[in-house]
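Residue-level listing of the chains:
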Amino acid sequence: MAEKKERKSLHSPIGTATFVHLWEPHAFKATASRAAKDPQYSVLLVFDKATAKSEDMKKLKLACVEAAEAKFGVDKTRERIKSGKIAMPWRAASDYDEYGAPFDEDGAVMISFKSNTAPGIVSRRATPITDKREIYPGCKMKVSFGVWPYDTDGSKGVTLLLNNVQKTGDGPKLAGRADAEEEFESIDDDDDGSDDDDDDVI
(Lines give C-alpha, C1' and ligand atoms only; values in the text may rest on other atoms or scores of the structure.)
Protein backbone atom coordinates (compact mmCIF):
# COMPACT_ATOMS: atom_id res chain seq x y z
CA MET A 1 0.00 0.00 0.00
CA ALA A 2 1.36 3.42 -0.97
CA GLU A 3 2.23 5.80 1.83
CA LYS A 4 0.00 8.82 2.24
CA LYS A 5 1.83 11.96 1.19
CA GLU A 6 1.59 14.71 3.81
CA ARG A 7 1.15 18.34 2.79
CA LYS A 8 4.31 20.29 3.50
CA SER A 9 3.82 22.77 6.35
CA LEU A 10 6.03 25.84 6.72
CA HIS A 11 6.45 28.28 9.60
CA SER A 12 6.22 32.05 9.41
CA PRO A 13 8.50 34.45 11.27
CA ILE A 14 7.10 35.99 14.46
CA GLY A 15 4.82 38.94 13.75
CA THR A 16 2.20 41.17 15.36
CA ALA A 17 -1.32 39.80 15.06
CA THR A 18 -3.94 42.10 13.55
CA PHE A 19 -7.47 41.53 12.20
CA VAL A 20 -7.67 38.37 14.31
CA HIS A 21 -10.44 35.89 13.41
CA LEU A 22 -9.12 32.63 14.84
CA TRP A 23 -11.98 31.51 17.10
CA GLU A 24 -14.87 32.10 14.72
CA PRO A 25 -14.85 32.36 10.91
CA HIS A 26 -15.37 35.85 9.55
CA ALA A 27 -16.76 37.02 6.21
CA PHE A 28 -15.28 40.22 4.83
CA LYS A 29 -17.76 42.48 3.09
CA ALA A 30 -17.47 43.21 -0.60
CA THR A 31 -15.66 46.40 -1.57
CA ALA A 32 -14.93 48.15 -4.85
CA SER A 33 -11.76 46.09 -5.24
CA ARG A 34 -12.75 42.87 -3.44
CA ALA A 35 -15.69 40.50 -3.87
CA ALA A 36 -17.50 39.07 -0.85
CA LYS A 37 -16.20 35.66 0.26
CA ASP A 38 -17.42 32.82 2.46
CA PRO A 39 -16.50 33.07 6.17
CA GLN A 40 -12.93 32.03 6.97
CA TYR A 41 -10.58 31.81 9.93
CA SER A 42 -7.79 34.29 9.40
CA VAL A 43 -5.10 36.52 10.84
CA LEU A 44 -3.06 39.31 9.30
CA LEU A 45 0.50 39.31 10.62
CA VAL A 46 2.62 42.45 10.46
CA PHE A 47 6.40 41.96 10.37
CA ASP A 48 8.74 44.82 11.28
CA LYS A 49 11.50 45.96 8.94
CA ALA A 50 14.17 43.69 10.42
CA THR A 51 11.92 40.61 10.23
CA ALA A 52 10.86 41.52 6.70
CA LYS A 53 14.51 41.19 5.66
CA SER A 54 15.22 38.05 7.71
CA GLU A 55 16.22 34.64 6.38
CA ASP A 56 12.88 33.20 7.53
CA MET A 57 11.02 35.74 5.41
CA LYS A 58 13.26 34.99 2.43
CA LYS A 59 12.37 31.29 2.80
CA LEU A 60 8.65 32.13 2.90
CA LYS A 61 8.90 34.25 -0.24
CA LEU A 62 10.98 31.63 -2.05
CA ALA A 63 8.38 28.97 -1.24
CA CYS A 64 5.72 31.18 -2.82
CA VAL A 65 7.79 31.82 -5.93
CA GLU A 66 8.56 28.12 -6.34
CA ALA A 67 4.85 27.26 -5.97
CA ALA A 68 4.02 29.82 -8.67
CA GLU A 69 6.66 28.33 -10.96
CA ALA A 70 5.28 24.83 -10.39
CA LYS A 71 1.78 26.06 -11.27
CA PHE A 72 2.47 28.48 -14.12
CA GLY A 73 5.83 27.30 -15.45
CA VAL A 74 9.34 28.55 -14.84
CA ASP A 75 9.53 30.67 -17.98
CA LYS A 76 8.84 34.36 -17.19
CA THR A 77 6.99 33.57 -13.92
CA ARG A 78 9.35 35.71 -11.84
CA GLU A 79 8.97 38.57 -14.31
CA ARG A 80 5.18 38.28 -14.06
CA ILE A 81 5.44 38.32 -10.26
CA LYS A 82 7.52 41.52 -10.35
CA SER A 83 5.02 43.16 -12.71
CA GLY A 84 2.07 42.17 -10.49
CA LYS A 85 0.49 39.82 -13.02
CA ILE A 86 0.91 36.98 -10.52
CA ALA A 87 -0.12 38.18 -7.04
CA MET A 88 1.99 37.31 -4.03
CA PRO A 89 0.58 37.22 -0.46
CA TRP A 90 2.83 39.89 1.05
CA ARG A 91 2.16 43.62 0.89
CA ALA A 92 3.71 46.77 2.31
CA ALA A 93 2.16 47.39 5.73
CA SER A 94 2.00 51.08 4.82
CA ASP A 95 -1.05 50.23 2.67
CA TYR A 96 -2.91 50.24 6.00
CA ASP A 97 -1.00 53.08 7.67
CA GLU A 98 -4.27 54.88 8.44
CA TYR A 99 -4.66 52.36 11.27
CA GLY A 100 -1.42 53.51 12.91
CA ALA A 101 0.93 51.06 14.63
CA PRO A 102 2.16 48.55 13.64
CA PHE A 103 1.28 49.36 10.03
CA ASP A 104 3.02 52.74 10.00
CA GLU A 105 6.55 51.44 10.56
CA ASP A 106 8.80 52.12 7.59
CA GLY A 107 9.68 48.89 5.78
CA ALA A 108 7.14 46.69 7.58
CA VAL A 109 5.40 43.93 5.64
CA MET A 110 2.00 42.29 6.19
CA ILE A 111 0.78 38.84 5.18
CA SER A 112 -2.67 37.28 5.53
CA PHE A 113 -3.15 33.61 6.45
CA LYS A 114 -6.58 32.02 5.95
CA SER A 115 -8.35 28.69 6.42
CA ASN A 116 -11.80 27.17 6.04
CA THR A 117 -11.23 25.13 9.21
CA ALA A 118 -10.35 26.26 12.72
CA PRO A 119 -6.60 26.32 13.45
CA GLY A 120 -5.03 24.81 16.54
CA ILE A 121 -3.76 27.50 18.91
CA VAL A 122 -0.93 26.87 21.38
CA SER A 123 1.26 28.79 23.82
CA ARG A 124 5.04 29.26 23.86
CA ARG A 125 5.24 25.87 25.58
CA ALA A 126 3.11 24.31 22.82
CA THR A 127 0.17 23.73 25.18
CA PRO A 128 -3.38 24.42 23.91
CA ILE A 129 -4.82 27.90 24.48
CA THR A 130 -8.57 27.86 25.15
CA ASP A 131 -9.02 31.28 26.76
CA LYS A 132 -10.04 33.61 23.93
CA ARG A 133 -8.67 36.60 25.86
CA GLU A 134 -5.15 35.28 25.30
CA ILE A 135 -5.35 35.95 21.57
CA TYR A 136 -5.91 39.58 20.62
CA PRO A 137 -4.79 42.20 18.09
CA GLY A 138 -1.32 43.21 19.22
CA CYS A 139 -0.06 39.91 20.61
CA LYS A 140 2.93 38.21 19.02
CA MET A 141 2.57 34.94 17.14
CA LYS A 142 3.85 32.74 14.38
CA VAL A 143 1.84 30.34 12.24
CA SER A 144 2.30 27.16 10.27
CA PHE A 145 0.93 27.30 6.76
CA GLY A 146 0.72 25.71 3.35
CA VAL A 147 1.39 27.43 0.03
CA TRP A 148 -1.39 27.32 -2.56
CA PRO A 149 -1.11 28.77 -6.08
CA TYR A 150 -4.42 29.66 -7.73
CA ASP A 151 -5.80 30.56 -11.13
CA THR A 152 -9.40 31.70 -10.71
CA ASP A 153 -11.42 33.69 -13.23
CA GLY A 154 -8.25 35.01 -14.80
CA SER A 155 -6.75 36.01 -11.45
CA LYS A 156 -3.42 34.30 -10.79
CA GLY A 157 -1.42 34.26 -7.58
CA VAL A 158 -0.35 32.48 -4.44
CA THR A 159 -2.21 32.39 -1.12
CA LEU A 160 -1.11 31.02 2.26
CA LEU A 161 -3.36 28.49 3.96
CA LEU A 162 -3.40 28.75 7.75
CA ASN A 163 -2.72 25.50 9.61
CA ASN A 164 -1.91 26.26 13.25
CA VAL A 165 -0.94 29.18 15.50
CA GLN A 166 1.59 29.61 18.29
CA LYS A 167 1.38 32.66 20.53
CA THR A 168 4.93 33.73 21.31
CA GLY A 169 4.35 36.77 23.48
CA ASP A 170 2.18 39.68 24.53
CA GLY A 171 2.20 43.20 23.15
CA PRO A 172 0.28 46.46 23.40
CA LYS A 173 -3.37 45.86 22.54
CA LEU A 174 -4.42 47.51 19.33
CA ALA A 175 -7.86 48.98 18.58
CA GLY A 176 -10.62 47.37 20.60
CA ARG A 177 -12.39 47.40 23.96
CA ALA A 178 -10.22 47.78 27.04
CA ASP A 179 -10.22 45.12 29.76
CA ALA A 180 -12.62 45.83 32.64
CA GLU A 181 -9.73 45.43 35.10
CA GLU A 182 -8.02 48.40 33.45
CA GLU A 183 -11.06 50.70 33.47
CA PHE A 184 -12.29 50.30 37.05
CA GLU A 185 -10.74 50.60 40.50
CA SER A 186 -11.50 48.47 43.54
CA ILE A 187 -14.47 49.69 45.62
CA ASP A 188 -14.43 49.44 49.42
CA ASP A 189 -17.08 47.14 50.91
CA ASP A 190 -18.61 49.99 52.95
CA ASP A 191 -19.05 52.19 49.87
CA ASP A 192 -22.34 51.34 48.11
CA GLY A 193 -21.94 54.17 45.60
CA SER A 194 -25.00 56.10 46.85
CA ASP A 195 -25.07 59.81 47.66
CA ASP A 196 -28.03 60.72 49.89
CA ASP A 197 -27.12 64.40 50.01
CA ASP A 198 -27.65 65.05 46.34
CA ASP A 199 -30.84 63.80 44.69
CA ASP A 200 -30.59 66.01 41.62
CA VAL A 201 -30.78 64.27 38.27
CA ILE A 202 -28.21 65.50 35.76
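Residues numbered from 1 in each chain as written. Predicted model: local features only at pLDDT ≥ 70, side-chain atom pairs only at ≥ 80, totals over all residues. Heavy atoms only, no water.

Engineer: Could you clarify how one ought to interpret the pairing of strand 5 (residues 109–115) in this entry?
Structural biologist: Along any regular strand, the residues point their side chains to alternate faces of the sheet. Within strand 5, five of the seven residues are buried, leaving the element largely enclosed by the surrounding structure. Pairing analysis gives seven bridges linking strand 3 (residues 40–47) to strand 5, with the strands arranged antiparallel. Residue pairing across strands places V43 opposite F113, the latter belonging to strand 5. Both strand 4 (residues 90–92) and strand 5 contribute to a ladder of three bridges, which runs antiparallel. Among the inter-strand pairings, R91 is bridged to a residue of strand 5, identified as M110. (Buried < 20%, exposed > 50% of the residue type's maximum accessible area, 1.4 Å probe, protein only. Helix = DSSP H or I, 4+ residues; strand = E, 2+ residues; numbered from the N terminus. Pairing = 2+ DSSP bridges.)

Engineer: Just to check I follow, could you spell out the packing of aromatic side chains for this structure?
Structural biologist: Each aromatic ring pair is summarised here by two numbers: the centre-to-centre distance and the angle between the ring planes. With the rule as written, the count across this model stands at seven aromatic pairs. Look at F113 and F145: their rings are 5.5 Å apart centre to centre, the planes differ by 55°, and that puts the pair in the tilted class. Of the two residues, F113 is situated in strand 5 and F145 in strand 7 (residues 140–152); the sequence distance between them amounts to 32 residues. Both residues of the pair, F113 and F145, belong to the buried class. Site record: aromatic cluster; members linked through ring pairs are F19, Y96, Y99 and F103. The ring of Y136 has K173 sitting right over it, with the charged end atom 5.2 Å from the ring centre. (Phe/Tyr/Trp six-rings, centres within 6.5 Å; stacked < 30°, edge-to-face > 60°. Lys NZ or Arg CZ within 6 Å of the ring centre and 35° of its normal.)

Engineer: Would you explain the pattern of salt bridges in this entry?
Structural biologist: Should the charged atoms of two oppositely charged side chains come close, the side chains can pair. Per the counting criterion, the structure on display carries seven salt bridges. The shortest N-O distance in the salt bridge between R78 and E69 comes to 2.9 Å. On the accessibility criterion, E69 (14% relative accessible area) is buried. Ionic pairing is found between D131 and R133, a salt bridge with its closest N-O pair at 3.1 Å. Its relative accessible area of 30% is what places D131 among the partly exposed residues. For R133, a relative accessible area of 61% translates into the label exposed. Here the salt bridges share partners, and the residues they tie into one network are E134, K167 and D170. (Salt bridge = Lys/Arg side-chain N within 4 Å of Asp/Glu carboxyl O.)

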